[in-house]
Each structure stands twice: as C-alpha cells, then as structure tokens.
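# Inside the fold
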Amino acid sequence: MPGDALHHDPAEVSGRIDTTKPHPARVYDVLLGGKDHYPVDRQAAAAAFADHPRGHLTARHNRDFLRRAVTTLVRDEGIRQFLDIGAGLPTAENVHQIAQRISPDARVVYVDNDPIVLAHARALLTSSPEGRTDYIDADLKDPARILEVAAKTLDFDQPIALCLVAVLHFIEDETAYGVVRELLDALPPGSRLVLSHLADDLNPERSAQVAQSFRKSGLTFVLRSREKVERFCTDNGLMLAEPGVVPVHRWRPDGAAPVLPAPDPERFAALEFVDRLKYHDINDVTDEDISVYAAIGHKP
C-alpha cells in the first residue's frame, strides 16, 4: 500500500540525511554487513568493535531472533499482522518477506524516523498480492500518529504483533515505558509484543564499554536489566511466552540462521573488518558474546 515512502519528495528526504552524525539504523546496518551507511556510522561501529571485537554477534543474533519470532507467530500462532517500529534499513529478510512466505495475506506496517530508511523504504513495500505493507515516517515517541496511520493498513479488531526490536534502549526510562503502554493499550486481545533490548547485566563490563563508545559518538543509549526489560511486559499485563526474557541467542534457537558464502581468500583478506562480518557463521557464539535480551509477550 502506498504510504509515506511514496509521498515524500526525494530531494527533501535527501536533505534531511545528516552524514555528520551516526544514526542507530545506519550503525545497525554496518553491524549486519549492509551497505546503506556513511563513514561516520562505520567509525561508530569500529569504535564499538575496539571494545568488543565479537560484538557483531549480538547484532546478528538480534536480527535472527526477529526471524524466529515472526516465523513462530505466523506459522504456529496464527498472527497475520505486524507493526514493526524502528524497522531500520531493508535487509534480505524483512518482516513482510518472512511472514508472507508462510501466509501470503499477512499485513505489515513499518515505522522509522531516519530519512535514509525512508529513502530506501520502497523495498519494504514489495508486498505479496494477497497481503499489504506500508511505511510510516514517524518517531517512536509519537505513538498517537503511529497508531492513527497504521490503522489505515492494519485491522485493530484482530491481533497485531508489535515489534520493538533493539529500539527501546534509545529512549529514556519513563518515556519508554509510557510509549509502550500507549501502543499496547490500543492493540486488541491476542496481540503480541516482540521485544529485544540491550542489557546492563549481561556481560556488564563489556556492555558498558560499548554503550559508552556509542554515547561518545552522539547516540543515546539506555541499558536495562532483565527485570527492567521484563517490565515492558508485566507492567502491561502481558503473559511471557516460553522461555521468558532470555539472552537473544537462547530464545528458541533453531540453527537455521543463513550464512553467506565467503569470497575467495585473497578478496576476503582485503576487506575491512566490518565488511567481513556478514560472512561469519553466527552459530559460533558463546554467552559471553551476547548483551541483548529477547522476549515475546502475549496480551490476554
């Protein structure tokens, strides 16, 4: 469905892109081995890697959690609608591609506030004929606008999975809890919260170093404990799905994360460190590598 992605002037969108400061969506793109970012984003990622050379495993396991969560909800629990806030730049496995591969009639609304995501958002609107997708250019801190526009695509009388994957740690404490409450209050019974969040009690020393590195780059980072992450569910009356709030790589692992074939050794050796990351097998992971919690909550 045509939405914000098709109604904006490309020149206006381009003018909003600030290439002097890193942006979370673009830094995440670096961590996932993408190409839609700028030198300042690579610098922020490289600074974080200096403190945690295997930090890309957290980012990639976080993305693979989204794959597993969407697959589980569509295949096993009958969810057909998704509101993905903080969607980030298009990747090989976006929510609508995962969901519509299982159920072609699935509907997905993406939300982000980064103009570079908006510039690439047409790739998020390639819905199956039976389903629908839309993109909203909005800030998570403006839930009223998000809900108003999302209602043009999603049926709020039917369950919706609200995806807040690695986004709430960019919002201050009480603001974050209030925003989640407002979003969940608008969703019908049977809806889900798909949640992941950087932790301050998983490998805390290393996590604090990485967070401080990102803060020096100008990014807001609020690390939260397992208890505080769980509050996003329990404060809103949600029932936690098994296995509860756990390190992201331990949320129902299936060993099916895609692995790209590496280029020939000479070409691989010539790549910068951040450009080699996408070829790493993320199944080579230990608990010491991970600093993100993941969970799904069910609204009764």
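The text that follows walks through the structure, step by step, so that each part is easy to find.

### A word on the overall build of the protein
- Per the secondary structure count, the protein includes 13 helices and 8 strands.
- Taking 2.2 N^0.38 as the reference for a compact globule, 300 residues should give roughly 19 Å; the C-alpha atoms of the protein span a radius of gyration of 18 Å, in line with that estimate.
- C-alpha extents for the protein along the principal axes are approximately 55 × 45 × 35 Å.
- Scored against the burial criterion, the 300 residues of the protein give a buried share of 54%.
- Long-range contacts, defined as pairs at least 24 residues apart, comprise 78% of the intrachain contacts of the protein with a sequence gap of at least 6.
- Per element, the accessible surface of the protein, about 12900 Å² overall, is 51% carbon and sulfur.
- Of the charged side chains in the protein, 34 are positive and 46 negative, and the gap between their average positions amounts to 1 Å.

### A closer look at a negative patch on the surface
- Together, Asp-139, Asp-142, Glu-182 and Asp-185 make up a region of like negative charge exposed at the surface.
- The partly exposed category is assigned to Asp-142, whose relative accessible area is 35%.

### Some remarks on the packing of helix 9 (residues 173–185) against helix 11 (residues 226–234)
- In contact at an axis separation of 9 Å, helix 9 and helix 11 are set at 25 degrees when each is read in the N-to-C sense. Viewed along their axes, helix 9 and helix 11 adopt a mutual orientation that is roughly parallel. Judged by residue contacts, Asp-173, Ala-176, Tyr-177, Val-180 and Leu-184 of helix 9 engage Lys-228, Arg-231 and Phe-232 from helix 11.
- Tallied by class, the residues present in the contact of helix 9 with helix 11 amount to 5 nonpolar, no polar and 3 charged.

### Concerning the pattern of salt bridges
- Counted by the stated rule, this structure contains 16 salt bridges.
- Arg-75 is the salt-bridge partner of Asp-76, the closest N and O atoms lying 2.8 Å from each other.
- Put simply, Glu-77 and Arg-192 hold a salt bridge, and the shortest N to O gap is 2.7 Å. Taken together, the positions of Glu-77 in helix 5 (residues 56–77) and Arg-192 in strand 5 (residues 192–198) put the pair 115 residues apart, joining distant regions of the chain.
- Its relative accessible area of 10% is what places Arg-192 among the buried residues.
- Linked by salt bridges that have partners in common, Asp-64, Arg-67, Arg-68 and Asp-254 make up one network.

### Focus on the packing of aromatic side chains
- Under the defined criterion, the tally for this structure stands at 4 aromatic pairs.
- Ring centres 6.1 Å apart and planes at 70 degrees place the aromatic pair Phe-268 and Tyr-279 in the edge-to-face group. A residue pair is termed long-range when its members are at least 10 positions apart, and Phe-268 in helix 12 (residues 265–270) and Tyr-279 in the loop between helix 13 (273–276) and strand 8 (292–298) qualify at 11 residues.
- Among the residues examined, Phe-268 registers a relative accessible area of 23% and is labelled partly exposed.
- The exposure class assigned to Tyr-279 is buried, which follows from its relative accessible area of 16%.
- Between the NZ or CZ atom of Arg-231 and the centre of the ring of Tyr-177, over which it lies, the distance is 3.8 Å.
- Sitting above the plane of the Phe-268 ring, Arg-276 keeps its charged end 5.5 Å from the centroid.

### Observations concerning the side chain of Ser-128
- Tracing the sequence through the fold places Ser-128 in the loop between helix 7 (115–119) and strand 3 (132–137).
- Within the local environment of Ser-128, its side chain forms a polar contact with the backbone oxygen of Pro-104, the two atoms lying 2.5 Å apart.
- In contact with Ser-128, not counting residues within four places along its chain, are Gln-100 and Pro-104.

### Details of unusual backbone geometry
- The omega angle of the peptide bond from Glu-242 to Pro-243 is 10 degrees, so this bond is cis rather than trans.
- Looking at the secondary structure, you find Pro-243 in the loop between strand 6 (239–240) and strand 7 (246–247).
- Not every positive phi belongs to a glycine, and Ala-166 is a case in point at roughly 55 degrees.
- With respect to the helices, strands and loops of the structure, Ala-166 is situated in the loop between strand 4 (161–165) and helix 9.

### Let's talk about the environment of Thr-126
- With respect to the helices and strands, Thr-126 occurs in the loop between helix 7 and strand 3.
- Residues Thr-126 and His-96, spaced 30 residues apart in sequence, show a C-alpha to C-alpha distance of 8.5 Å.
- Excluding residues that lie within four positions of it along the chain, Thr-126 makes contacts with His-96 and Thr-133.
- Polar contacts involving the side chain of Thr-126 include one to the side chain of His-96, which spans 3.2 Å.

What counts and what doesn't
Residues numbered from 1 in each chain as written. Predicted model: local features only at pLDDT ≥ 70, side-chain atom pairs only at ≥ 80, totals over all residues. Heavy atoms only, no water. Helix = DSSP H or I, 4+ residues; strand = E, 2+ residues; numbered from the N terminus. Rg over C-alpha atoms; globule rule 2.2 N^0.38 Å. Buried < 20%, exposed > 50% of the residue type's maximum accessible area, 1.4 Å probe, protein only. Contact = heavy atoms within 4.5 Å. Areas by Shrake-Rupley, 256 points an atom, 1.4 Å probe, with all protein chains shown as cover. Lys, Arg positive; Asp, Glu negative; His and termini not counted. Charge placed at Lys NZ, Arg CZ, Asp CG, Glu CD. Patch = residues over 30% accessible without salt bridge, like charges linked within 9 Å, V, L, I, M, F, W, Y side chains within 5 Å. Salt bridge = Lys/Arg side-chain N within 4 Å of Asp/Glu carboxyl O. Axes fitted to C-alpha atoms, helices over the stretch in contact; angles between N-to-C directions. Parallel < 35°, antiparallel > 145°, perpendicular 65-115°, else oblique. Nonpolar A, V, L, I, M, F, W, Y, C, P; charged D, E, K, R; others polar. Phe/Tyr/Trp six-rings, centres within 6.5 Å; stacked < 30°, edge-to-face > 60°. Lys NZ or Arg CZ within 6 Å of the ring centre and 35° of its normal. Polar contact = N/O pair within 3.5 Å; in protein donor to acceptor, adjacent residues only side chain to side chain.

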